[in-house]
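# Descriptive analysis of the structure
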Amino acid sequence: MGQVEWAYDLAKDLLETTLPRRWAHTRGVADQAETLAPILGPDTDTLIAACLLHDIGYAPDLVDTGMHQLDGARYLRDIARADERLCRLVAYHSCADNEARQRDLLDVLVKEFDQEQPDLARALTYCDMTTSPDGQHLDVRDRLAEIHSRYGPEHVVSRSISDATPCIVSSVRAVEAALAARGRGRLEQSD
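Let me begin by describing the structure that accompanies this report. (Residues numbered from 1 in each chain as written. Predicted model: local features only at pLDDT ≥ 70, side-chain atom pairs only at ≥ 80, totals over all residues. Heavy atoms only, no water.)

This part covers the packing of aromatic side chains. A complete count under the given rule lists 1 aromatic pair for this structure. Between Tyr8 and Trp23, the ring centres sit 5.2 Å apart and the planes meet at 65 degrees, which makes this aromatic pair edge-to-face. Taken together, the positions of Tyr8 in helix α1 (residues 3-15) and Trp23 in helix α2 (residues 20-34) put the pair 15 residues apart, joining distant regions of the chain. Given the relative accessible area of 32%, Tyr8 is considered partly exposed. Since its relative accessible area comes to 3%, Trp23 is described here as buried. (Phe/Tyr/Trp six-rings, centres within 6.5 Å; stacked < 30°, edge-to-face > 60°. Helix = DSSP H or I, 4+ residues; strand = E, 2+ residues; numbered from the N terminus. Buried < 20%, exposed > 50% of the residue type's maximum accessible area, 1.4 Å probe, protein only.)

Right under this line is the structure:
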């Protein structure tokens, strides 16, 4: 079984029944990843697998710290024995270091997981932050507004998303620019 199939089965087992809307989002994020094949080439399967696994930390049986990125990455590392790249991508997805700071978990995150190469991290942020909770493609600004609306202004997720907005928007714009250029060069941080 390939990495993508394995990731799909694992995410489905953890999310489909207990968190069906999260599962719809996850499938939409993975669909977005498939569109990045022209700019990612052989890393596309790694990205698709990471997209399928990025929100498993929300599964009720996996919640430990309350930071889904860290909880999911720990499960992948400690229980599923997943590839280190997948663990790193899940741990830091969508500028998660901002949420780690808000939750006083940055030292833990940094101690347990290294960051993955920037082009894949930006690609995962793009896929996550341009996909609605129901799995539909949308603009990054609409996605950010939806998150704020769902959590409210004082929630730790809203505060961390506010802090992460420049990183998120920059990542999305870099991927959009690379797609527009159809892969003429590596993903680069946009201004």
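Moving on from the coordinates now.
End to end, α2 covers 21 Å across 15 residues, agreeing with the expected 21 Å (1.5 Å per residue, within 8%). Along α2, the residues classified as buried are Arg22, Trp23, Ala24, His25, Thr26, Gly28, Val29, Ala30, Gln32 and Ala33. (Expected span 1.5 Å × (residues − 1).)

This next bit is on the nonpolar core. With 59 residues, the main nonpolar core has Leu36, Leu47 and Leu53 as its most contacted residues. Broken down by element, this core gets its largest block of residues, 10 residues, from helix α11 (residues 156-180). When sequence neighbours within four positions are dropped, the list of residues in contact with Leu36 reads Thr44, Leu47, Ala123, Tyr126, Cys127, Val175 and Leu179. (Core = buried A, V, L, I, M, F, W, Y, C linked by side-chain atoms within 4.5 Å. Contact = heavy atoms within 4.5 Å.)

We now examine helix α9 (residues 118-129). Compared with the 16 Å implied by 1.5 Å per residue over 12 residues, the 16 Å span of α9 between its first and last C-alpha is a close match. Burial within α9 is extensive, with 10 of its 12 residues counted as buried. Residues of α9 that are buried include every one of Asp119, Leu120, Arg122, Ala123, Leu124, Thr125, Tyr126, Cys127, Asp128 and Met129, and no others.

Before going further, it helps to examine the environment of Arg21. Among the secondary structure elements, Arg21 is positioned in helix α2. Residues Arg21 and Asp134, 113 residues apart in the sequence, show an inter-C-alpha distance of 6.0 Å. If we skip the residues at most four places from it in the chain, Arg21 touches Pro133 and Asp134. At 2.9 Å, the side chain of Arg21 forms a polar contact with the side chain of Asp134. (Polar contact = N/O pair within 3.5 Å; in protein donor to acceptor, adjacent residues only side chain to side chain.)

With that settled, the discussion passes to a negative patch on the surface. A cluster of acidic residues, Glu5, Asp9, Asp13, Glu16 and Asp45, forms a negative patch on the protein surface. Looking at which element gives the most residues to the negative patch, the answer is α1, with 3 residues. Along the chain, Asp13 falls in helix α1. The exposed category is assigned to Asp13, whose relative accessible area is 66%. (Patch = residues over 30% accessible without salt bridge, like charges linked within 9 Å, V, L, I, M, F, W, Y side chains within 5 Å. Areas by Shrake-Rupley, 256 points an atom, 1.4 Å probe, with all protein chains shown as cover. Salt bridge = Lys/Arg side-chain N within 4 Å of Asp/Glu carboxyl O. Lys, Arg positive; Asp, Glu negative; His and termini not counted. Charge placed at Lys NZ, Arg CZ, Asp CG, Glu CD.)

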